[in-house]
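A closer look at the structure
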Amino acid sequence: MRIQSVEIEAWDVELTEPFGIATGAQVLAQNVLLELELESGVRGLGEAAPFPAVNGETQTDALSALSAIRDELVGYQGTDAQALSHAALARLEATPSALAALEMALLDAACREAGTSLFQHFGGRVARLETDITIPTGGADEAARAALRAMSQGFRTLKVKVGGKAFDHDLERLRSIAQAAPRARLLLDANASMPGAEAIALVRGLGAQKSQVVLFEQPCLRGDYAGSRAVRDAGIRVAADEDARSLDDLAALHAERAADVVNFKLTKSGVSRVLGMIAEARRLGFGLMLGGMVETRLAMTFSACIAGGLGGFEELDLDTPLFMKDDRLEGGFAQQGPNLDLSQLGQGHGVTRR
């Protein structure tokens, strides 16, 4: 395959409600769409989904990184970014959401040209997946209503954003959710905003309902391995997110006994790096989780293809398309409530413009 042309554009998507986390909120997904056309006429689509509140990366950063390497991409024949010049690859690695967009588009185009789906490309193991749904930051009554609505739609796992507010606010909100949905699995996510002792107190504050908490994602600051280890030692399973961006990070997490599960995100690390990290995480004995930033069905379907293709993921957080009013895209996985179906996926990731 050889790239004939490259289109890069800002891709702003309005959300149904603010997507709030401990470090900030998005009211508009300010993403980037990358479209490659091969000499054969086949096209490949990729998405950059920077989230400034998580790592400071912006839409402008992603646009700039992709625009800087546009000329080098014309005539490029690789199916990943590794054969680009050192300068181009360094530019992309400094802006992981842009790297992820390019790698998505390259693999999408390659699979379309070969007449196969990304789900099959990655192994085709599990065609039907189940995602959680996020309860963003907000008040206790609002959170309880969101939990009831999610359960009525068939969701079993609620990902609850905590941190960034007073401890009593978080505890009241969490108690309201647990009472409204007593059979729900609760996955807490502090986005690196809590001391270990506070995270432990938050779970224990649920009393008898603390057993609903199945995982606490990134309770402590990136690099606070002692804090995360203390949470684990209190009998609470911990998932690393901000702490897990590279192979070196995985080695540190393992050495420090700071996580049970690793949450992989394409936009956080890039496709090739995530695939390598997944293999290493399996070797080290970590549980596997796959999530994302605030992404449309394009990036989320790509992630689902990895999860279903490889198999073995215990938690999936692929819900952000549900928070979007109009993503101007169609295709990809079929969804009914928490259930994602890849069995009828077409070529590549199957997502096209409307």
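Above this text you will find the structure in question.
In this text the structure is predicted, and so the values were computed from the model without any measurement.

This next bit is on the overall build of the chain. Tallying secondary structure elements over the chain gives 14 helices and 16 strands in all. Against the globule reference of 20 Å for 354 residues, the chain gives a C-alpha radius of gyration of 20 Å, in line with a compact fold. Considered along the principal axes of its C-alpha atoms, the chain spans approximately 60 × 40 × 35 Å. Put simply, the chain has 354 residues, and 56% of those count as buried. In the chain, the proportion of contacts linking residues at least 24 apart, taken out of those at least 6 apart, comes to 74%. For the chain, the accessible surface area stands at approximately 13400 Å², while carbon and sulfur atoms represent 46% of it. Distance from the positive charge centre (35 side chains) to the negative charge centre (47 side chains) of the chain: 5 Å.

This part is about the layout of surface pockets. Put simply, the largest pocket is a space of about 380 Å³. In this structure, the largest pocket is lined by 23 residues; those nearest its centre are Glu 17, Thr 134, Ala 146, Arg 149 and Phe 323. Elements with a minimum of two residues in the lining of the largest pocket: strand 1 (3-21), strand 5 (133-135) and helix 7 (140-152). With six residues, the single largest contributor to the lining of the largest pocket is helix 7. For the lining of the largest pocket, the residue count by class is eleven nonpolar, seven polar and five charged. There is about 200 Å³ of room inside the second largest pocket. Elements supplying a minimum of two residues to the lining of the second largest pocket: strand 4 (128-130) and strand 12 (315-316).

Taking 1.5 Å of rise per residue, the 13 residues of helix 7 would be expected to cover 18 Å, and the 18 Å separating its terminal C-alpha atoms lies within 8% of that figure. Among the structural elements, strand 5, strand 6 (157-161) and helix 8 (167-180) are those in contact with the buried residues of helix 7.

About the thresholds
Residues numbered from 1 in each chain as written. Predicted model: local features only at pLDDT ≥ 70, side-chain atom pairs only at ≥ 80, totals over all residues. Heavy atoms only, no water. Helix = DSSP H or I, 4+ residues; strand = E, 2+ residues; numbered from the N terminus. Rg over C-alpha atoms; globule rule 2.2 N^0.38 Å. Buried < 20%, exposed > 50% of the residue type's maximum accessible area, 1.4 Å probe, protein only. Contact = heavy atoms within 4.5 Å. Areas by Shrake-Rupley, 256 points an atom, 1.4 Å probe, with all protein chains shown as cover. Lys, Arg positive; Asp, Glu negative; His and termini not counted. Charge placed at Lys NZ, Arg CZ, Asp CG, Glu CD. 1 Å grid on protein atoms, 1.4 Å probe; cavity = no way out; pocket = protein on both sides within 12 Å on 5 of 7 lines; lining within 4 Å. Points joined across faces, edges and corners; volume = space filled by probe spheres on them. Nonpolar A, V, L, I, M, F, W, Y, C, P; charged D, E, K, R; others polar. Expected span 1.5 Å × (residues − 1).

This is a description of form; function is not addressed.
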